[in-house]
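The lines below spell out each chain.
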Amino acid sequence: MTVRKMKTTAQRLSGPGVDLMRKGAAAGLRAALPSPPEVDSVPEGQILELPGRGQTFVVDVPGPTPEAPTIVLLHALGCTAYLSWMATFGALSNHYRVVTFDQRWHGRGIRSAKFEFDDCADDVAAVLDALGVDRAVIAGYSMGGAVAQLTWRRHPHRVSGLVLCSTARNFRGKHGERLFFPLMTATMMPLTGFALAHVDQLAQTLPELPSIEVADSAAWTRVEFRSTSAWSIPHALAELGRFDSATWIGDVDVPTAVVVTTRDRIIPSRRQRRLAASITGAQVFSAAGGHAAIVLGATDWVPTFVEAAENVIGRIDPEVRQEYSY
């Protein structure tokens, strides 16, 4: 099959899976661009070299004290660290050390020969190594929630707690989704090299560091959004289709909170609650809003998220908390 025919096949796909791609995290953010949340500033970041893996853009905000626990924030599909968490830094860093970074194939993240969630989870551990952090609470939104789950599975000794937001155990529940995702995988896998070339091409045009000038928040958001190649999105969607934690998520043995977006049309709230029900002791925190509530509904969503993080950290065994390295 030629590249042109593959692209035509992808364009003709229909069903809930296409709706997920059309109205998912990236599309939701596009809708938010005209009126992004008002923020006074975003913290500076740095390009961090991860030995043997590549380099990525990392934001590391100190907590109020050297003893403050660390929380790692993993962004949504088609976004960047800044785009997903721009409204969260201030409220969260009042209590904790906050770390976030651009995941591979997104923004200034690692550019690799392929995009796989296992590698994304291993990147989390590599960032912790580079920053000298032993254990952290891992929080993820949507796609980031899937990566957070895998981080616990692959590196359980590095995870002291989980905050899983607007995410699920799997993304192939409906009949249309069960058809869409395998077709997406079959269509996109032969195009990986072609897609990576486009990801690399865009990355070469980016300034080394993103701007932190947010006086014109709409313009800043548009520039940041465009730092991720559109070619990244179908590959990330294909990984979402392959992701399924249902057989092992019940083994999670760290304090966990699930933040449910109650009017979510992309990942229905019933799936989010099913995730919570699968984890012993998981606490549910409800935030009104749809799948883009982290941006569009930040005024209500951020306090709910901070409450969930406080709940998780408050339940961490004191002996485990003493093992944090700073």
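Let us look at the structure shown here. (Residues numbered from 1 in each chain as written. Predicted model: local features only at pLDDT ≥ 70, side-chain atom pairs only at ≥ 80, totals over all residues. Heavy atoms only, no water.)

Strand order in this open sheet of eight strands is β1-β2-β4-β3-β5-β6-β7-β8, and the pairing throughout is mixed. Two strands in the sheet have a free side with no partner beyond their single neighbour: β1 (46-50) and β8 (283-287). Taken pair by pair, the neighbouring strands of this sheet meet at an average axis angle of 25°, ignoring direction. Here strand β3 (residues 70-74) pairs with strand β5 (residues 136-141) via four bridges, running parallel. Paired with leucine 73 across the strands is alanine 139, a residue of β5. Running over the sheet, helix α6 (residues 117-131) touches β1, β2 (54-61), β3, β4 (97-101) and β5 and is turned about 105° from β1. Contacting β3, β5 and β6 (159-165), helix α7 (residues 143-154) runs over the sheet at an angle of about 150° to β5. (Pairing = 2+ DSSP bridges. Helix = DSSP H or I, 4+ residues; strand = E, 2+ residues; numbered from the N terminus. Axes fitted to C-alpha atoms, helices over the stretch in contact; angles between N-to-C directions. Contact = heavy atoms within 4.5 Å.)

Glancing now at the pattern of salt bridges. One pass over the full model with this rule turns up nine salt bridges. Here lysine 114 and aspartate 119 are joined by a salt bridge, their closest N and O atoms 3.9 Å apart. Judged by relative accessible area, which is 42%, lysine 114 ranks as partly exposed. A salt bridge links arginine 158 to aspartate 129; the shortest N-O distance between them is 2.8 Å. Here aspartate 129 lies in helix α6 and arginine 158 lies in the loop between α7 and β6, a separation of 29 residues in the sequence. With a relative accessible area of 9%, arginine 158 lands in the buried category. Classification of aspartate 129 by relative accessible area gives exposed; the value is 51%. Several salt bridges share partner residues, and in doing so they unite Arg53, Arg104, Lys114, Asp119 and Asp123 into one network. (Salt bridge = Lys/Arg side-chain N within 4 Å of Asp/Glu carboxyl O. Buried < 20%, exposed > 50% of the residue type's maximum accessible area, 1.4 Å probe, protein only.)

On to the pairing of β4, then. A large share of β4 lies buried, amounting to five of its five residues. Taking every second residue as pointing to the same face, both faces of β4 are buried, with Arg97, Val99 and Phe101 on one and Val98 and Thr100 on the other. Pairing geometry for β2 and β4, over four bridges, is antiparallel. Looking across to β4, one finds that valine 59 is bridged to threonine 100.

So, about helix α12 (residues 269-277). Of all the positions in α12, only Arg271, Gln272, Leu275 and Ala276 are classed as buried. One face of α12 carries all of its buried residues, which in axial projection span an arc of 145°. (Arc of directions from axis to C-beta.)

Angle between the axes and distance between the axes: these two values describe a pair of packed helices. In the contact formed by α6 and α7, the axes pass within 8 Å of each other and the chain directions differ by 70°. What the angle tells us is that α6 and α7 run roughly perpendicular. In contact with Phe117, Asp118, Cys120, Ala121, Asp122 and Val124 of α6, α7 contributes Met143, Ala146, Val147, Leu150, Thr151 and Arg154. In terms of residue class, the contact of α6 with α7 is built from eight nonpolar, one polar and three charged. (Parallel < 35°, antiparallel > 145°, perpendicular 65-115°, else oblique. Nonpolar A, V, L, I, M, F, W, Y, C, P; charged D, E, K, R; others polar.)

Formed by 51 residues in total, the largest nonpolar core has its most connected members in Val72, Leu74, Phe117, Ile138 and Leu162. Residue contributions to this core peak at eight residues, all from α6. Residues contacting valine 72, with those up to four places away along its chain left out, are Val99, Phe101, Val124, Leu128, Ala136, Val137, Ile138 and Ala139. In this structure, Val163, Phe225, Ala287 and Val295 belong to the second largest nonpolar core, which totals 42 residues. (Core = buried A, V, L, I, M, F, W, Y, C linked by side-chain atoms within 4.5 Å.)

This next bit is on the packing of aromatic side chains. Going through the model one piece at a time under the given rule, you end up with 12 aromatic pairs. A ring pair is formed by tyrosine 82 and tryptophan 220, whose centres lie 5.7 Å apart and whose planes are at 55°; its orientation type is tilted. Within this pair, whereas tyrosine 82 is found in helix α4 (residues 81-85), its partner tryptophan 220 is found in helix α10 (residues 217-225), the two being separated by 138 residues in sequence. Accessibility assignment for this pair places tyrosine 82 and tryptophan 220 in one class, buried. Through successive ring pairs, a cluster of aromatic residues spans Trp105, Phe115, Phe117, Phe171 and Phe243. (Phe/Tyr/Trp six-rings, centres within 6.5 Å; stacked < 30°, edge-to-face > 60°.)

Quick look at unusual backbone geometry now. Phi is positive for tryptophan 105, close to 65°, though the residue is something other than glycine. Tracing the backbone shows tryptophan 105 in the loop between β4 and α6. Residue classification places tryptophan 105 among the buried positions, given a relative accessible area of 2%. A positive phi angle, near 55°, is found at serine 142, a position not held by glycine. For serine 142, the location among the structural elements is in the loop between β5 and α7.

By themselves, these figures tell us nothing about what the structure is for.
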